[in-house]
2 protein chains.
Amino acid sequence: MAHIDLKQPILDKNDRLAKENRALFAEKKVFVVDLLASPGSGKTSTILATINALRDEFNIAVIEGDIASSVDSEKIKEHGIPAVQINTGGACHLESDMIRRAVEVLDLDNLDLIILENVGNLVCPTDFDLGENMKAMILSVPEGDDKPLKYPGVFQAASAIILNKVDTLPVFDFNEELFRDHIANLNPQAPLFPISATKGDGVDAWASWLAGKIRALKAS
Amino acid sequence: MAHIDLKQPILDKNDRLAKENRALFAEKKVFVVDLLASPGSGKTSTILATINALRDEFNIAVIEGDIASSVDSEKIKEHGIPAVQINTGGACHLESDMIRRAVEVLDLDNLDLIILENVGNLVCPTDFDLGENMKAMILSVPEGDDKPLKYPGVFQAASAIILNKVDTLPVFDFNEELFRDHIANLNPQAPLFPISATKGDGVDAWASWLAGKIRALKAS
């Protein structure tokens with residue numbers, strides 16, 4: 001398909017700029033997480049829960065990627081956290097040049113962590129390096145335990161996998177053991193964090209793990 | 001962005017083949033629905049519920065689009081319905097040439113309805129004409145009432161909007177009135193069908209509406 005052939009030059013350009021972003025983040029010792037998930041999996045809620053768990057120790061900013069609207073960045077700003085909204089127009093993922101422009105309005109010298117909330121999409125953002133330290137992903141319980149079989153790429157690209165909305169496990173037919181088996185097959189290195197972002201369950205384990213990564217970067 | 005510039009030739013080629021698909025479907029008087037939704041919104045469950053409601057009157061087939069796996073087509077076949085699995089590799093949407101090849105293995109002379117289950121994605125499939133009679137979309141309650149603001153394109157492209165998993169409304173903070181307002185702003189023509197595909201609520205209203213479209217085509 002033509003689609004595949006045309007993709008490579010876009011990726012090459014993206015990757016060049018991603019390298020520049022990565023060098024800038026390394027120089028400023030800012031840890032950057034690219035967060036991937038479907039629409040409605042609870043990305044913004046998870047980011048807010050993470051901010052609440054980590055804001056006493058770290059200075060945090062968020063870059064929000066959406067096709068349209070500024071719903072998410074407004075939610076973040078209400079909590080007193082710097083947030084930059086990127087509207088991608090029609091594009092189904094963030095690209096490294098968008099990140100570079102968004103970063104220009106942030107005070108990198110006084111930041112420890114930037115969370116990039118990518119466009120809600122389990123496919124397209126996977127291939128795009130933004131210069132982040134790691135990609136993390138969220139799957140929510142209502143989406144179903146078979147999603148690793150159907151969207152393997154994103155589960156393989158993630159350095160951490162968050163299972164959100166575990167408070168709704170009693171309502172949905174979601175086999176957590178089967179889900180863990182799928183992940184163990186695709187990406188045995190990635191830790192799995194079952195959480196309820198809105199209720200707070202499990203957020204500490206995820207936030208502590210992330211804090212360890214940020215501290216390690218600061219100490220390097 | 002380069003992404004936008006490269007997209008047009010792909011769309012042009014896609015649209016040419018979509019026209020051929022549309023002519024073939026019209027000649028055979030087969031009604032074709034392109035079903036769009038996020039991962040885990042209940043596309044396959046909705047298709048199964050629709051099949052159960054309509055199979056006494058119509059001959060139905062399903063074309064399943066997934067990045068990987070044949071989980072969905074196997075589920076459909078278990079119900080004695082012809083199903084063709086398309087694995088897109090990395091592609092985030094179905095294209096009209098994939099549909100043309102899939103259709104070759106179906107007996108179009110003896111079909112009334114083909115449902116195309118697109119890749120789980122609220123963005124990319126929107127722009128791709130597959131030769132269908134209409135696009136329909138599903139949003140599920142756990143995804144949240146703000147999704148029309150964030151993914152307006154798909155809500156505008158749909159001729160019918162299904163709100164699935166309404167049995168979980170008590171568990172989620174989903175404002176159905178606000179959701180209806182968003183849709184009325186974006187796409188006042190499209191009917192909204194609140195359903196629970198697994199419990200059966202509301203499926204009859206959606207299936208009856210669809211049956212009317214199929215009968216109209218047959219009678220034309």
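Just so you know, these numbers come straight off a predicted model, no measurement behind them.

Peer 1: For the pairing of strand β3 (residues 83–87) of chain A, give the residues involved together with the corresponding values.
Peer 2: Residues and elements named next belong to chain A. Sheet topology places strand β2 (residues 60–66) next to β3; 5 bridges connect them, and they run parallel. Each residue of the ladder has a partner; that of Gly65, found in β3, is Ile86. For the handedness criterion, the β-α-β arrangement of β2, helix α3 (residues 71–77) and β3 is classed as right-handed.

Peer 1: Describe the nonpolar core, with residues and values.
Peer 2: Counting residues in each nonpolar core, the largest one holds 47 residues, and the members touching the most others are Met137(A), Ile161(A), Phe179(A), Met137(B), Ile161(B) and Phe179(B). Discounting residues that sit within four places of it in the chain, Met137(B) has contacts with Leu35(B), Leu36(B), Leu122(B), Val154(B), Phe155(B), Ala158(B), Ala160(B), Ile161(B) and Ile162(B).

Peer 1: Help me get a handle on the interface of chain B and chain A, residues and values and all.
Peer 2: Residue-level contacts link 40 residues of chain B with 39 residues of chain A. Between chain B and chain A, roughly 3,300 Å² of surface is buried when both sides are summed, and carbon and sulfur atoms account for 67% of that area. There are 2 salt bridges connecting chain B and chain A. Here Asp72(B) makes a salt bridge to Lys150(A), at a shortest N to O gap of 2.7 Å. Looking at the side of chain B that touches chain A, the elements with two or more residues in it are α1 (2–28), α3 (71–77), α4 (96–103) and α5 (147–150) of chain B. Looking at the side of chain B that touches chain A, its residues break down into 20 nonpolar, 10 polar and 10 charged.

Peer 1: I'd like a description of the pairing of strand β2 (residues 60–66) of chain B, backed by residues and values.
Peer 2: Along a regular strand, successive side chains alternate from one face of the sheet to the other. Residues and elements named next belong to chain B. Counting buried positions along β2 yields 7 of 7 residues, so the element is predominantly enclosed. Across the two faces of β2 the burial is the same, with Ile60, Val62, Glu64 and Asp66 and Ala61, Ile63 and Gly65 all buried. Strand direction decides the pairing type here: β2 and strand β4 (residues 113–117), joined by 5 bridges, are parallel. Across the sheet, Ile63 pairs through a bridge with Leu116, a residue of β4.

Peer 1: So what's going on with the sheet that holds strand β7 (residues 192–194) of chain A? Residues and values would help.
Peer 2: Residue and element names in this part refer to chain A. Taken together, the 7 strands give an open sheet; going across it, the order is β3-β2-β4-β1-β5-β6-β7, and neighbouring strands pair in parallel fashion. Every interior strand has two partners, whereas the edge strands, β3 and β7, have only one. If you compare each strand with its neighbour and ignore which way they point, the axes differ by 20 degrees on average. Lying on the sheet, helix α4 (residues 96–103) is in contact with β2, β3 and β4 (113–117); it crosses β3 at an angle near 145 degrees.

Conventions we followed
- Residues numbered from 1 in each chain as written.
- Chains lettered and ligands numbered in written order.
- Predicted model: local features only at pLDDT ≥ 70, side-chain atom pairs only at ≥ 80, totals over all residues.
- Heavy atoms only, no water.
- Pairing = 2+ DSSP bridges.
- Helix = DSSP H or I, 4+ residues; strand = E, 2+ residues; numbered from the N terminus.
- Right-handed = clockwise from strand over helix to strand, strands pointing away.
- Core = buried A, V, L, I, M, F, W, Y, C linked by side-chain atoms within 4.5 Å.
- Buried < 20%, exposed > 50% of the residue type's maximum accessible area, 1.4 Å probe, protein only.
- Contact = heavy atoms within 4.5 Å.
- Buried area = accessible area lost by both parts, 1.4 Å probe.
- Salt bridge = Lys/Arg side-chain N within 4 Å of Asp/Glu carboxyl O.
- Nonpolar A, V, L, I, M, F, W, Y, C, P; charged D, E, K, R; others polar.
- Axes fitted to C-alpha atoms, helices over the stretch in contact; angles between N-to-C directions.

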